[in-house]
Structure formats: structure tokens, C-alpha cells
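# Analysis of the macromolecular model
Listed below are the residues making up each chain.
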Amino acid sequence: MAEDGKLSNGETHLDESLANGTSRDSPEPLAQRVKRIVMANLLVILTVAGVLVGVFIGLGVRNVELTRTQIIYVGFPGELLIRLLKMIIIPLVVCSLVSGAASIDPKALGKLGGWAMLFFLVTTLIASSIGVVMAFILTPGSGSMAKPKVQGLDDDVPAAKEVIDSFLDLIRNIFPSNLVSAAFQSYATSYKLVSKNGTDGNLNITIEKVPFGTDQDGMNILGLVVFAIVFGVALRKLGEEGEILIKFFNSFNEATMVLVSWIMWYAPLGIMFLVAGKIVEMQDVGKLFASLGKYIACCVIGHAIHGLLVLPAIYFVITRKNPYTFLWGIFTALATAFGTSSSSATLPLMMKCVEENNGVSKHISRFILPIGATVNMDGAALFQCVAAVFIAQLNNTSLNFIQVITILVTATASSVGAAGIPAGGVLTLAIILEAVGLPTHDISLILAVDWLVDRTCTVLNVEGDAFGAGLLQNFVDRTAKREEGAKLSEVWVPSSAAPEHSPLIEKRGEKDSAESAKKSLSGENESVM
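A word on the overall build of the chain. Within the chain, the secondary structure is distributed over 23 helices and two strands. When burial is assessed residue by residue, the chain has 43% of its 529 residues classed as buried. Considering only contacts in the chain between residues 6 or more positions apart, those separated by 24 or more positions represent 82%. Per element, the accessible surface of the chain, about 27,900 Å² overall, is 64% carbon and sulfur.

Have a look at this one:
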């Protein structure tokens, strides 16, 4: 583990080299120092450059009238990045969780999982509260008298679903009936209308909405995560018999991380074209911002408050370390989250960043980050709360205290089941609107600007996961130090009875007893004589 720590902690290497540089007799030349710093942060610099160049390319190409086909061609290198990242998600999640769960003692596993879930729950609740407060302060839905009209989006609105069925679907997806199909399909409830004739002879016909199960496209990552953790614990229980399979999953995991490190160097180019393609694709930006600008501002400011103030404050209070150096370490992953707007696709890069730059040990990052990518959705919860209040204000519906609490609780709970894919949060927004009795057809307005809001959502989601991993690492380090301290005190503090069992005293005692035995023998001999 110590070796892993040394290898993974990029910061310590940097500190050592800086210290060495200052302690030498001849100071390091400026050019050499700049070169070293650039090489250490090369990927981050390339990623930032990729985003900026992408924005300029997008704005430049926007002036040229491109056909739909040409726009697709512009975004092609970015599409390749998303495909590469999605390709590696399943082997990464399953293998990392199996090896992580198998390498941690079940008691420690329960404790770590408990702390992680508490952190995720608290931060999601805080994010939801910020969303509601921001929506009430900025009132994005009031002021404009007529509802903004957005063309061609009504078909994309998800069908309304009962709240109870949404939560039952969540539980069903935790236990997939087929692990292979869980890799590309998840369970979802649909409804059919069944008419029944009255039994009393009258022509009373009642129509009942009966739920039935359907398989929809999209990975059931929740089911895979639960299976992988339980399977890892089962392998540990096997003892020696399970060692071979644990080694297989560990090797598979390491090989996958090597693939991730190769994909990372393609990320700046992919992000550049993703951003450029999205900017070229936008239509009537001015009109959209004029009608929904306050809603967008509400979401983005809320995300900024939570991501730049609340999460760093929690991290600083608990660890007493600078949270912004931690953020710098995961910048490449955050930029990828912004480009792909998928927390699942960002997972491979996030693992690599927290291990290499922020000194989080492998067994913690590979156990907690896949769970975070599935369960922790701070950004989605915040945006859903803003959207719910926004739609209420559009419809001139005043929300009472109970409805606000319902929005908070439902947003926090339903964000657990939100898929880690682009626009995953919009599907769960329908649950919140149903819970407080608001019309779901207004979701088309949210979809109109979801391509922008969803990016800041994803950045916040993955940032929360990374801080969770950092806090758990701190918790593990503290526990290890405490145990070490306890062991040292047991070894070094002598007990009061110790001098009595000293070997010198024992030897002296033996000598004395031997001499007295000799004397008594000689006394006996004399008496016989």
C-alpha cells in the first residue's frame, strides 16, 4: 500500500522536486522550472486549450451555413471520445468494484460505504436546498407573461409515471433479472388502459391504468454496481479458493486503467470537437436566452455556489487541506464532464486523476467512485429543484411549505436513480412534477436548454464524487494513524509489574536460591559427619 501511495501521489513528487530545486547550491534555471511545471500539468493545459479552441472554432464555423450532415461531421472526433469512454465503463465498474470489495474487510467496507452514503445524501440535500432558494430569489418563471414557445420539442417529453412506480422501478433495477442485458437495458414501467364491464348488469365501463414492464435502452449501472459489490464480498468469504478470481479481477482492472491512460491523451482533441459541434448546432441562441435566461442563470449560479463554495468548505473543515489544489488535480476529468455531459463516461478519467494527482489510494477510488457516479447526483438534484419551482411559477401555482419539502425529498431520492447519461435528470424531473401535481408537458422548455445546464450538472456530480473519495481517504488515514498510535503505546509503555519479571532479577534470584541450596547441603553433610 505504501508503494501505491508513493506511486499515486503526484503532488508529493512535485513537492520533492521543488524542495530539491531550492536546496541545491546552483538554483534551477527559470526555463527548466517552467518546462518541469508544464510537463507535470501538460494534460490539464491541453484540455483547457481544447475547450477554448473548441469555442473559437464553433463561433467561427457558425457564420458559415452548414447542413445537418456537415454539423455531424464537425462533431465526429468528439463522438469518438464518448464511444471510447462508454466502451470502457462496464469492465471498469465491474472489475474495480469486485476487486475493491474483495480487498477491504467487510466491517471496514460497511463503515466506508456508510460514511460515503452519508456524505452523498447530505451534499445532495444541500444542493436541492440551494436550488429551491435560488429559484425563489431569482423567480425565473415570473415576469414573462406568456410561456416561452420552443419548436419541435414536445415529442421528446417523457411519459408521466406514477411516483410509486418510479421507486419500484428503482428497486427492480437494483436486482436485474439478466446481467448481460443489464449492460445495455434497464427496466421501466409503461401503462396500458384496460376497460372492465360492470358486474351488476348495468352498462358501467371502468377504465383502469395497468402498469406493465418494458425494457428500455440504457445501461442499468445500478444493478451492475450492486452485483459487483456483493460478488466481491462473496469472493472474500471464499478465502484461498477465491484468491485466483480476485487476482484475475485485479489484473483486469489494472489493464483497463492502462487503456484509460491512453484515452486520456485523446480527450483534449475530443473535447475540442464536442464543444465546437455543440456551438455550431445551437439555433436562435438569443431568443432562447431571452426567454429562459433567468432559468439558466439560476441553475448555473446554483451549481457554482455548490461546487466552488459548499463542497470545498466541507472538504476543508474535515481535512484541513486546500480544496482548490484538489480541484486542480481533477481538472481534466471536470473538463471531460463538461464536454461529454455524462458522469459515467467521465468515471475512467476521474479514477486516474484522483489516484495520480490527489493521492487517493486505489482501493478507495475504485470502490467509491463507481458508487458515486451512480448514486451521487448533486447537480441533477439542484437543477430539478430549480426546474420544479420554475414550472410552478410559469403556471402561477404558489407552492406551500409541504410541497417545497416534497420537492426537496423527491429530488434527493430520485437523483439516486437518475441515469449517468446526457439528459438523465430530465427523466426523473417528471417524478417530482407528478409528486407536487404540476403539469409534465412543460418539461419541453427544460429540454430546450438542457444541453447547457446538463453540462454544469455533470461537472458538479463528478466533483462531488471526487471530494467524497478525498474525504474517505482522509478518514482511512486518520483511522490508520490512530491504530498505529494505540499499537505504539501498547509496545512502549511499560507496566508497573515489569521490573519484577526482569531477566537480571530472575537470574539473581536463581543465583541466591542455588547458593542457599548449596549451604543447606553442606550443613546436612556436616551433621552426618
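For the rest of this paragraph, the subject is the state of the cysteines. For the coordinates displayed, the defined rule picks out zero disulfides. With no disulfide of its own, cysteine 457 lies 6.8 Å from the sulfur of cysteine 299, the closest cysteine sulfur.

The next subject is the pattern of salt bridges. Tallied over the entire structure, the rule returns six salt bridges. As a salt-bridge pair, aspartate 169 and arginine 172 come within 2.9 Å of each other at their nearest N and O atoms. Residue aspartate 169 and its partner arginine 172 are both found in helix α8 (residues 163–174); the two are separated by three residues, about one turn of the helix. For aspartate 169, a relative accessible area of 3% translates into the label buried. Through salt bridges with shared partners, one network takes in Glu254, Glu355, Lys362 and Arg366.

So, on to the side chain of lysine 352. Topologically, lysine 352 is positioned in helix α16 (residues 343–357). Ignoring anything within four residues of it in the chain, the contact list for lysine 352 reads Met257, Val260, Ser261 and Met264.

For helix α17 (residues 362–375), built from 14 residues, the straight-helix expectation of 20 Å at 1.5 Å per residue is met to within 8% by its first-to-last C-alpha distance of 20 Å. Most of α17 is tucked away, with 12 of its 14 residues classed as buried. The complete set of buried residues in α17 reads Ile364, Ser365, Arg366, Phe367, Ile368, Leu369, Pro370, Ile371, Gly372, Ala373, Thr374 and Val375.

For the rest of this paragraph, the subject is the packing of aromatic side chains. Applying the stated criterion across every chain, the model contains 11 aromatic pairs. The interplanar angle of 80° and the centroid separation of 6.1 Å between the aromatic rings of phenylalanine 231 and phenylalanine 249 together place this pair among those described as edge-to-face. With a gap of 18 residues between them, phenylalanine 231 in helix α10 (residues 221–238) and phenylalanine 249 in helix α11 (residues 240–264) connect regions that are remote in the sequence. Every member of this aromatic cluster is reached through a ring pair, and the members are Phe227, Phe231, Phe248, Phe249 and Phe252. A cation sits over an aromatic face here: lysine 209 above tyrosine 191, 4.5 Å from the ring centre. One residue, arginine 320, lies across the ring of phenylalanine 316, its end atom 5.5 Å from the ring centre.

Our focus in this paragraph is the nonpolar core. Formed by 114 residues in total, the largest nonpolar core has its most connected members in Tyr295, Met350, Phe367 and Phe383. Looking at this core element by element, the count peaks at 13 residues for helix α6 (residues 76–103). When residues no more than four places from it in sequence are discounted, the contact partners of tyrosine 295 are Pro140, Phe383, Val386, Ala387, Phe390, Ile446, Val449 and Val453.

Here the phi dihedral of arginine 320 falls at roughly 60°; this positive angle occurs in a residue that is not glycine. Along the chain, the position of arginine 320 falls in the loop between α13 (285–319) and α14 (323–329). Residue arginine 320 is classed as exposed on the basis of its relative accessible area of 61%.

Our next topic: a nonpolar patch on the surface. A cluster of nonpolar residues, Leu30, Val34, Val38 and Ile45, forms a patch on the protein surface that exposes about 340 Å² of accessible area. Here the nonpolar patch takes three residues from helix α3 (residues 30–40), the largest share from any one element. One can find leucine 30 in helix α3.

Okay, the confidence of the model for the chain next. Residues with a pLDDT of 70 or more make up 81% of the chain, whose mean pLDDT is 81. Ranking the helices and strands of the chain by mean pLDDT puts α14 first, with 93, and helix α2 (residues 10–23) last, with 43. The low-confidence segment residues 1–25, where pLDDT is below 50, has 23 contacts with residues more than four positions distant or belonging to other chains. Of the regions scoring below 50 in pLDDT, residues 524–529 engages in zero contacts with residues more than four places distant in sequence or in other chains.

Assignment of secondary structure puts phenylalanine 475 in helix α22 (residues 450–492). Phenylalanine 475 gets classed as partly exposed once you look at its relative accessible area, which sits at 26%. For the pair phenylalanine 475 and isoleucine 318, spaced 157 residues apart in sequence, the C-alpha to C-alpha distance is 9.1 Å. In this view, phenylalanine 475 contacts Lys111, Leu112 and Trp115; residues no more than four positions away in its chain are not counted.

All right, on to α13 then. Structurally, the α-helix is built with 3.6 residues per turn, so residues lying three or four positions apart point the same way. If you check α13, its first and last C-alpha atoms are just 43 Å apart, much less than what 35 residues at 1.5 Å a residue would give, namely 51 Å. Along α13, the helix axis deviates most sharply at leucine 292, where the bend reaches about 75°. Within two residues after α13, arginine 320 carries a phi angle of roughly 60°, on the positive side.

Before going further, it helps to spend a moment on the environment of glycine 302. The residue glycine 302 is located in helix α13 in this model. Sequence-wise, glycine 302 and glycine 131 are 171 residues apart; in three dimensions their C-alpha atoms are separated by 6.1 Å. Aside from chain neighbours lying at most four places away, what touches glycine 302 is Ile130, Met134 and Leu382.

Parameters and conventions
- Residues numbered from 1 in each chain as written.
- Predicted model: local features only at pLDDT ≥ 70, side-chain atom pairs only at ≥ 80, totals over all residues.
- Heavy atoms only, no water.
- Helix = DSSP H or I, 4+ residues; strand = E, 2+ residues; numbered from the N terminus.
- Buried < 20%, exposed > 50% of the residue type's maximum accessible area, 1.4 Å probe, protein only.
- Contact = heavy atoms within 4.5 Å.
- Areas by Shrake-Rupley, 256 points an atom, 1.4 Å probe, with all protein chains shown as cover.
- Disulfide = S-S within 2.5 Å.
- Salt bridge = Lys/Arg side-chain N within 4 Å of Asp/Glu carboxyl O.
- Expected span 1.5 Å × (residues − 1).
- Phe/Tyr/Trp six-rings, centres within 6.5 Å; stacked < 30°, edge-to-face > 60°.
- Lys NZ or Arg CZ within 6 Å of the ring centre and 35° of its normal.
- Core = buried A, V, L, I, M, F, W, Y, C linked by side-chain atoms within 4.5 Å.
- Patch = residues over 30% accessible without salt bridge, like charges linked within 9 Å, V, L, I, M, F, W, Y side chains within 5 Å.
- pLDDT = per-residue confidence, 0-100.
- Bend = angle between axes of the 7 residues up to and from the residue.

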